[in-house]
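# Topology and contacts: notes
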Amino acid sequence: GDAWQAVYEKAEAGCYFCQYMIGNTYYYLDVIELENKRESQFEGEAEWDNWRREQMEKSISWFEKAFEGGMGLAGRNLCDYYKKGRGCLIPSDPDKAMEVIQKGAAMGYPECMYALATKLFFNPDKKDEGFFWARRAAQLGYILAWDIVGDGYCLGDVVERNLPYALECYEKSVAYGDDAYAYGRAGEMYFLGLGVPQDYTKAVEYMEKAYAMRGEEDTDTAKLGVCCLLGYGCAQNVERGKKLLEQSDDIRYKSYGLGMMYAQGMGVPKDIAKGVEYLQAAGDYEPAKKELKHYKKGIFGTWKRI
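Heads up: these notes are all about the structure in this document. None of the values given here were measured: they were computed from a predicted structure. In this convention, every chain numbers its residues from 1, walking through the sequence in written order. Local features are withheld for residues below a pLDDT of 70 in this predicted model, meaning they are given only at 70 or higher, and side-chain atom pairs are given and counted only at 80 or more; totals for whole chains, interfaces and linings count all residues. Only hydrogens and water are removed before side-chain values are computed, so all heavy atoms of the structure are retained for them.

## Some remarks on the packing of helix α9 (residues 145-155) against helix α11 (residues 180-192)
The description of two packed helices rests on the angle between their axes and on the distance between the axes. To keep it simple, the criterion reads: Axes, fitted as lines to C-alpha atoms, cover a helix only where it is in contact. Angles between the N-to-C directions of the axes lie from 0 to 180 degrees. Every helix listed is a DSSP run of H or I at least four residues long, and every strand listed is a run of E at least two residues long, numbered separately from the N terminus. Angle categories are assigned with fixed cut-offs, so that under 35 degrees is roughly parallel, over 145 is roughly antiparallel, 65 to 115 is roughly perpendicular, and the rest are oblique. Left-handed describes a crossing whose near helix is turned anticlockwise from the far helix by less than a right angle; the clockwise case is right-handed. We call two residues contacting when some pair of their heavy atoms lies within 4.5 Å. Here the nonpolar group is Ala, Val, Leu, Ile, Met, Phe, Trp, Tyr, Cys and Pro; Asp, Glu, Lys and Arg are the charged ones; every other residue, Gly included, is treated as polar.
Relative orientation of the contacting elements α9 and α11 amounts to 25 degrees, with a least axis distance of 10 Å. One element, α9, and the other, α11, form an angle in the roughly parallel class. Here α9 runs over α11; the crossing is left-handed. Between α9 and α11, the contacting residues are Asp147, Asp151 and Cys154 on the first element and Tyr181, Ala182 and Arg185 on the second. Classifying every residue of the contact of α9 with α11 gives three nonpolar, no polar and three charged.

Next up, the structure:
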C-alpha cells in the first residue's frame, strides 16, 4: 500500500531504519500479505517455495545497507538469516554468519564483539583474541561480556591473574540481574574465598539466584548442596542438600558433600566406609582431607571415627 511505498522510497534514498524495515518485510515474509499472495496462485508447491525463497533473499542487500549505515539490529537479523536458515527454504550458512559477526566487531558493534569473543575465547588457540574482543565489548557497555573478562582474570591464562578484579567483573554482570553464569561464578568465589574473604551467606544468595534461573535441570549444584547439607550460610536442610548434591556433575564438591552425609548419617543411614570412599574421591579438596583425618580402619577392616 501507500505506507509500504513511502518506506521503500525512503529506504532507497538512504534511510537506514527504513532499509532495516524493508529487510524485515522480506525476511519475515510480510510481503505475502502486502502483495496478497496465496499458494493457490502458483503452479505447485515448488513454485510457491521458490517465490518465497526469492523474497527472503531480497532481505540480504537491505540488511547489509542498514548494517553498514549503523543499524545494529539489521546486523543481528542478517546474522540470524545465515546462522538459522529458514526451514527447507534457506539453508544455514555458519561461515557467512561468522563473516557478519567479524565485520560488525570491526565496525564497533559491541554485540558482535561479544558474539565473536564467545566463538574465540573457548578455542585454546584463539583464547587471547577472544579475551580482547570481550574486554572491548564490556568497556563499551555490553554487560554479558564481563563474564568472559572475569574468566580471563580468574584463570590467569590470557592475562595476569587477579581474583579480586575477576569477582568485580562478575558482579558487574550480577548488578544487571539476569545472568545465571555471573551469579554462579561470583557465588563460587565467595564459597571458596577466592579474591574475597569466605562468605557462605553471600555465596548462598548468589548460588540460589543462579539455580532459580537455570531451573531443575541445573547440574552446577554441588556447592549449594554442601551449604544446605551443613547449614553454611543458610538454615540447614539435609533433604534439599542431598537432592542438590545428587543432581550435580561436580565430582569434587559432590563427593565431599555425600561423604559428609554418609560418614555422619545425615538424612541416610550412617555408613562410614561409604562416606570415606566419597571423601577420598574429593581429591585434594582441603575440607575433605581434614575430615578424613577423623576416620581410621580397625584391625578387622571396619572404619570408625576417632
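The rest of the description comes next.
## Quick word on the layout of surface pockets
Keep this limit in mind: Here a cavity means grid points, on a 1 Å grid over the protein atoms only, where a 1.4 Å probe fits yet cannot get out; a pocket means an open set of points with protein on both sides within 12 Å along at least five of seven lines; lining residues are those with an atom within 4 Å of a point. Grid points are joined across faces, edges and corners, and a volume is the space filled by probe spheres set on the points.
Taken as a whole, the largest pocket spans an internal volume of roughly 280 Å³. Elements supplying a minimum of two residues to the lining of the largest pocket: α5 (72-84), α6 (94-107) and α7 (110-121). Take the lining of the largest pocket: its biggest share by element is seven residues, from α5. Considered class by class, the residues forming the lining of the largest pocket number nine nonpolar, three polar and five charged.

## A closer look at the nonpolar core
Defined as follows: Among buried residues, the Ala, Val, Leu, Ile, Met, Phe, Trp, Tyr and Cys ones that are joined through side-chain atoms within 4.5 Å form a nonpolar core. Burial classes follow relative accessibility: with a 1.4 Å probe on protein chains only, a residue under 20% of its type's maximum area counts as buried, one over 50% as exposed, and anything between as partly exposed.
Formed by 95 residues in total, the largest nonpolar core has its most connected members in Val149, Phe191 and Tyr256. The element best represented in this core is helix α4 (residues 45-69), accounting for eight residues. When near neighbours in sequence (up to four residues on either side) are disregarded, Tyr256 contacts Val226, Leu230, Tyr232, Leu279, Ala282, Tyr285, Pro287 and Ala288.

## Describing the side chain of Asn77
With respect to the secondary-structure elements, Asn77 resides in helix α5. With residues up to four places along the chain from it excluded, the contact list for Asn77 reads Tyr20, Asn24, Tyr27, Tyr28 and Phe63.

## Regarding empty space enclosed by the protein
Considering all chains together, one arrives at one cavity of 30 Å³ or more under this definition. Of the pockets and cavities examined, the largest cavity occupies roughly 90 Å³. For the lining of the largest cavity, the elements supplying multiple residues, two or more each, are α11, α12 (200-214) and α13 (222-230). Element by element, the count of residues in the lining of the largest cavity is highest for α12, at four residues. Residue composition of the lining of the largest cavity, grouped by class: four nonpolar, two polar and five charged.

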